[in-house]
Amino acid sequence: MRLLMVCLGNICRSPLAEGIMKNRAAAAGLDWEIDSAGTGGYHIGEAPHVLSQKVAMCNGIDISAQQCRQFRKEDIDRFDRILVMDLDNYLEVKRISGNNWAEDKVSLLLDTLYPGEKKEVPDPWYGTEKDYHLVFDMIDRACGKLIDTHLKRVS
Ligand code: 4NP
């Protein structure tokens, strides 16, 4: 399974999603390739936001080595599933993908917990540390559900 986590900046939410998913996949013994990207190019090459790093570390996950990159059209072919944080990310992934677009590969991360409800992981960029903890918990629950569903399917 090759999984790509996507948000706007690849600086707050999707680096957390990448770190959490890598951690959970490894703990479940799954050899998954997990990466993250942003639909915007504002922070290319930067490490995750200090509060994303701090909240991840509070939960035993080190995301400090990650580097921001922008989502590109070829990612649609390279990955089996692309999980986006909000509806704007979904539309941008669709726009950037152009003629590579594959609807069956792209979904909202929180669809795993709330199918069909179009729930979004809120952007904590202008928020406080509390918002980063809330975002961490949402992403963590969704990643946990994704792994559980996969393990049930293959068992
Ligand atoms: P993210 O948050 O999409 O969760 O990484 C943002 C980070 C940066 C910006 C917007 C959202 N920005 O406008 O620079």
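For the structure, see preceding data.
Rules used throughout
- Residues numbered from 1 in each chain as written.
- Predicted model: local features only at pLDDT ≥ 70, side-chain atom pairs only at ≥ 80, totals over all residues.
- Heavy atoms only, no water.
- Axes fitted to C-alpha atoms, helices over the stretch in contact; angles between N-to-C directions.
- Helix = DSSP H or I, 4+ residues; strand = E, 2+ residues; numbered from the N terminus.
- Parallel < 35°, antiparallel > 145°, perpendicular 65-115°, else oblique.
- Left-handed = near helix turned anticlockwise from the far one by under 90°.
- Contact = heavy atoms within 4.5 Å.
- Nonpolar A, V, L, I, M, F, W, Y, C, P; charged D, E, K, R; others polar.
- Buried < 20%, exposed > 50% of the residue type's maximum accessible area, 1.4 Å probe, protein only.
- Disulfide = S-S within 2.5 Å.

Enquirer: Looking at this structure, I do not really get the packing of helix 2 (residues 50–58) against helix 5 (residues 129–154). What am I missing?
Expert: Helix packing for two helices is described by the angle between their axes and how far apart those axes are. Where helix 2 contacts helix 5, the axes come no closer than 9 Å and their chain directions differ by 55°. The pairing of helix 2 with helix 5 is recorded here as oblique in orientation. Taken as a pair, helix 2 and helix 5 cross one another with a handedness that is right-handed. Here Leu 51, Ser 52, Lys 54, Val 55, Ala 56 and Cys 58 of helix 2 come into contact with helix 5, specifically with Glu 129, Tyr 132, His 133 and Phe 136. Of the residues that constitute the contact of helix 2 with helix 5, the class distribution is 6 nonpolar, 2 polar and 2 charged.

Enquirer: Looking at this structure, I do not really get unusual backbone geometry. What am I missing?
Expert: In terms of backbone geometry, most residues other than glycine have negative phi values and most peptide bonds are trans. Even without a glycine there, the phi angle at Asn 10 is positive, about 55°. Locating Asn 10 in the fold gives a position in the loop between strand 1 (2–7) and helix 1 (13–27). Phi at Lys 118 takes a positive value of approximately 55°, unusual for a residue other than glycine. A relative accessible area of 56% means that Lys 118 is categorised as exposed.

Enquirer: In this structure, what is going on with the state of the cysteines? I would like to understand it.
Expert: What is meant by a disulfide is a covalent connection between two cysteines, made through their sulfur atoms. Going through the model one piece at a time under the given rule, you end up with 0 disulfides. Looking at the unpaired Cys 143, the closest cysteine sulfur is the one in Cys 7, lying at 13 Å.

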